[in-house]
Amino acid sequence: MPVRHDVSAVPLQGGYIAKQCPVKIQWDILKPVDPAPVPEMAQARMTAGIEFEAGVEASLTADGDGRWVIIADAPRHDMITATVEAMNSGAEAIFGGWLPADSAGRRVGKPDVLVSVGDGYVPVDVKHHLTLDEDSDADVAVSDLSDPAPAHARTESGWALRKHKGDALQLAHYRRMLEASGHASSSSAAGIIGKEGVIVWYDLDTPMWQTPAKSDGKKRKMRTSMEIYDFEFDFRLDIGAVALEHGADSATELLVLPLQCGECGECVWREYCGPIIADGSGDPSLLPGVTYTKWAQLRRQGITDRAGVAALHYPTARIAADGLNATKILDLAVDADHDADSATLTPRSKKQAGLLTAAGLATVADVTAMLDPTTAAVAGSSYLPTAIIHARAALGPEPVYRLPDAALAVPRFDIELDIDMENSLDGLVYLWGVLVTDRTGTGLIEPGYIPFITWDPLDTTTEYNVFAALWHWLTDLQRTAAEAGVTVGAYYWSDAENRQIQRITVDTPLAEPTEALITSESWVDLLPLYRCGWTNGHNASLKTVAGTVGYTWDVDDPDGGESMLKHRDAVTGDEVAREWLLDYNRGDVEATKAVRDWMNSAGQQAPVVSTD
């Protein structure tokens, strides 16, 4: 995207900007209020990342094989000088360097690693997360830190790159800086050192991200990391330039407006944006699934709040989502004989005619009477009917609504288990909680809450042992139940538990039997069942949904992020934190049971959201 404004006065920007909410740079420049403090959870995550990076540096320093140049912490100018000297000398790999500022491109940055590739350098960053996913049909290129050049990478079969767009955009930022300084390799490789302790390679010039190809979001195109980075970075420079113009003259309209996104909870501008987003009936971005592209599409049609979405014509949105070109059909109907068959509007398309017939639009008069032009102008995407439903539910008097024509049954078993796990800041699981319900009074097991837990320092062996204890208990119960002719089923909320189980058991004797369990009919994910049957018009997290059915936790501030902070204290021996975590996890499994009980009882009588 070409820069549309003079950005020469915009402050130099680091590698995070292209992946952050575009509104943030606007407020960073204008500072409409004092920024809110960084939340404790976000600070803890940053601290953990810094500690992880320090551990990587320590391991490289300990190797001492001369392959790595470690740039010592010093004033930025001195670190830039040392980094340039190391690159000019052809150092094989550089850790902790600063690149020269790219004034023309308005970039500044400090890549964790620079690796020589003969004709220049490629960037590598250290990230405190996993970089690989198990995939029997895939392979991925990785390099050991002892031999970091991408040309010497080995192929790991059975693993796939765990793609993080934010990581790729940050690497693209460093590549542009290397190009500006004259030290870039012609190679488009760039790497991430994650928790696996190896360099996993991206190709920044390979199309790997699906993006809208038109402003209305109806067409999709695969783009490279560099293409996306250039668009996003330049867009934010434009935002910054206009923000500076607005600061000098308030008559200048800002380029972006606040909207809800995944970053809001930890953004320093959350207390400023929050009231704006919630004003009136609330911004459309508060609706589940309304991303920036969809938000912009609505706004272009003058729909600026949830009330506007709720007022759209559901039948028009529905038939357009099924494939009818409603705007074109309405345009053709203006000059057509209103008594004519509606199929005459689309003589060359049996599909379009079939959609009109299926919707009961037999004549041209039916088309003009029953299709809404305003909705037709927005419609054509599958999200709109759902957005209308969510908006009507969010603004309605009831806390939750049934969806029309929904299948509502939740499977039941003689012995029912509600399961929830808790993980640390590192993503390692230390607790599996189980709530046992002997629904039919089999007498085979004592009802109640059972935690499988460790307070020991976590590593992959420790978390495997905790899960293995749960697994052996569960298989013993299944065996006993099968002998007695009793059914056993487990419930959980979302697939987080499944992903952790697959990660923990990969390359272990439990990999196959656990995969058989989590793909069986006795292992029930309640989230998709809820989404198919009900909506509250907000998010479908367990905390939100359980609240709508009347469940409350016994602990203050029940939140997954808070639990990670408590675990940090619990491993040091803090008994209060340990008790809180057990009560919190017990609340999670009790909430899971409360929701599924509601789904099978009171939820059946919840009012149906209007689809008029």
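Because the structure is a prediction, the values reported are computed rather than measured. (Residues numbered from 1 in each chain as written. Predicted model: local features only at pLDDT ≥ 70, side-chain atom pairs only at ≥ 80, totals over all residues. Heavy atoms only, no water.)

(A) Main features of the overall build of the protein chain. Broken down by element type, the protein chain carries 21 helices and 17 strands. The C-alpha radius of gyration computed for the protein chain amounts to 28 Å, which stays within 12% of the reference 25 Å derived for 612 residues, consistent with globular compactness. Principal-axis analysis of the C-alpha atoms places the extent of the protein chain at approximately 80 × 70 × 50 Å. Split by element, the accessible area of the protein chain, about 27800 Å² in all, is 51% carbon and sulfur. Between the mean site of the 50 positive side-chain charges and the mean site of the 89 negative ones, the protein chain shows a separation of 6 Å. (Helix = DSSP H or I, 4+ residues; strand = E, 2+ residues; numbered from the N terminus. Rg over C-alpha atoms; globule rule 2.2 N^0.38 Å. Areas by Shrake-Rupley, 256 points an atom, 1.4 Å probe, with all protein chains shown as cover. Lys, Arg positive; Asp, Glu negative; His and termini not counted. Charge placed at Lys NZ, Arg CZ, Asp CG, Glu CD.)

(B) Region of the structure containing the nonpolar core. If you look at the biggest cluster of nonpolar residues, it comprises 72 residues, and the most contacted ones within it are Y202, L298, V309, L324, V367, L371 and L384. Top contributing element to this core by residue count: helix α5 (residues 225-248), with 8 residues. Judged by nonpolar contacts, the second largest core, of 31 residues, contains F413, W534, A546 and V595. (Core = buried A, V, L, I, M, F, W, Y, C linked by side-chain atoms within 4.5 Å. Buried < 20%, exposed > 50% of the residue type's maximum accessible area, 1.4 Å probe, protein only.)

(C) Region of the structure containing the packing of helix α1 (residues 22-30) against α5. The interhelical angle for the contact between α1 and α5, taken along N-to-C directions, is 30 degrees, at an axis separation of 9 Å. By crossing handedness, the relation of α1 to α5 is classed as right-handed. Contact residues: P22, I25, Q26, I29 and L30 in α1; F235, R236, I239, G240, A243, L244, H246 and G247 in α5. Looking at side-chain class alone, the contact of α1 with α5 contains 8 nonpolar, 4 polar and 1 charged residues. (Axes fitted to C-alpha atoms, helices over the stretch in contact; angles between N-to-C directions. Left-handed = near helix turned anticlockwise from the far one by under 90°. Contact = heavy atoms within 4.5 Å. Nonpolar A, V, L, I, M, F, W, Y, C, P; charged D, E, K, R; others polar.)

(D) Region of the structure containing the sheet that holds strand β12 (residues 415-423). Reading across from one edge, β14-β13-β12-β15-β16 is the order of the 5 strands in this open sheet, with mixed pairing throughout. On the outer flanks of this sheet lie β14 (448-453) and β16 (523-525), each paired with one strand and no other. Adjacent strand axes in the sheet meet at a mean angle of 25 degrees, parallel and antiparallel pairs treated alike. Relative to β16, strand β15 (residues 488-492) runs parallel, the two being bridged by 3 bridges. Across the sheet, residue Y492 finds its bridge partner in β16, namely D525. Along the sheet face, helix α16 (residues 496-505) touches β12, β13 (429-438), β15 and β16 and points at about 125 degrees away from the line of β13. (Pairing = 2+ DSSP bridges.)

(E) Geometry of the state of the cysteines. As enumerated under the stated definition, the model contains 0 disulfides in all. With no disulfide of its own, C21 lies 4.2 Å from the sulfur of C261, the closest cysteine sulfur. You can see C261 has no disulfide; the closest cysteine sulfur is in C264, sitting 4.1 Å from it. (Disulfide = S-S within 2.5 Å.)

(F) Main features of a negative patch on the surface. Residues E134, D135, D137, D507 and E515 make up a contiguous surface patch of negative charge. At 3 residues, strand β5 (residues 132-143) tops the list of elements feeding residues into the negative patch. Locating D135 in the fold gives a position in strand β5. (Patch = residues over 30% accessible without salt bridge, like charges linked within 9 Å, V, L, I, M, F, W, Y side chains within 5 Å. Salt bridge = Lys/Arg side-chain N within 4 Å of Asp/Glu carboxyl O.)

(G) Quick look at helix α9 (residues 314-321). Those residues of α9 that sit buried are Y314, T316, A317, I319 and A320. Contacts made by the buried residues of α9 are with α10 (326-334), α11 (350-358), α12 (364-370), α13 (373-378) and α14 (383-395). G323, located one to two residues past α9, shows a positive phi value of around 125 degrees.

(H) How the structure looks around the sheet that holds β5. If you trace the 8 strands from one edge of the open sheet to the other, you get β1-β2-β3-β4-β7-β8-β5-β6, paired in mixed fashion. Of all strands in the sheet, those with a lone pairing partner are β1 (68-70) and β6 (154-161), marking the two edges. Geometrically, the sheet is characterised by an average inter-axis angle of 35 degrees between neighbouring strands, direction not taken into account. The pairing of β5 with β6 spans 7 bridges and is antiparallel. What sits directly across from D139, in β6, is S157. Running over the sheet, helix α3 (residues 76-88) touches β1, β2 (93-95), β3 (113-116) and β4 (121-126) and is turned about 170 degrees from β2. Each of β3, β4, β7 (189-193) and β8 (199-203) touches helix α4 (residues 165-181); the most contacted strand, β4, lies at about 145 degrees to it.

(I) Fine view of the environment of L435. Inspection of the secondary structure puts L435 in strand β13. In sequence terms L435 and G158 are 277 residues apart; their C-alpha atoms lie 35 Å from each other.

(J) Spotlight on the pattern of salt bridges. Counting across every chain of the model gives 29 salt bridges. The closest approach of N and O atoms between D102 and R107, which form a salt bridge, is 2.9 Å. By the burial criterion, D102 is buried, and R107 matches it. Within the structure, one salt-bridge network assembled from shared partners comprises R412, E416, D418, R439, K593, R596 and D597.

(K) Representation of unusual backbone geometry in the model. Here the phi dihedral of R106 falls at roughly 65 degrees; this positive angle occurs in a residue that is not glycine. With respect to the helices and strands, R106 occurs in the loop between β2 and β3. A positive phi angle is found at D507, which is not glycine, with a value near 60 degrees. Tracing the chain through its elements places D507 in the loop between α16 and α17 (511-518).

(L) Structural view of the packing of aromatic side chains. Per the counting criterion, the structure on display carries 15 aromatic pairs. Where W580 meets Y584, the ring centres are 5.1 Å apart and the plane angle is 10 degrees; that geometry is what we call stacked. Highlighted residues: W580 and Y584, both in helix α21 (residues 575-599), separated by 4 residues, approximately one helical turn. The class for W580 is buried, based on a relative accessible area of 11%. With relative accessibility at 2%, the residue Y584 sits in the buried group. Members of the aromatic cluster, each reached through a chain of ring pairs, are W493, Y530, W534 and W598. Looking at R76, its charged tip hangs above the ring of W98, at a distance of 4.1 Å from the centre. Over the face of the ring belonging to Y491 we find R596, whose NZ or CZ atom lies 4.1 Å from the ring centre. (Phe/Tyr/Trp six-rings, centres within 6.5 Å; stacked < 30°, edge-to-face > 60°. Lys NZ or Arg CZ within 6 Å of the ring centre and 35° of its normal.)

(M) Looking closely at α10. Listed as buried for α10 are A326, I329, L330 and A333. Down the axis of α10, the sector holding all buried residues measures 100 degrees, keeping them to one side. The exposed residues of α10 that point more than 90 degrees off its buried face are K328, D331 and V334. On the buried face of α10, the contacting elements are α9, α11, α12 and α13. (Arc of directions from axis to C-beta.)

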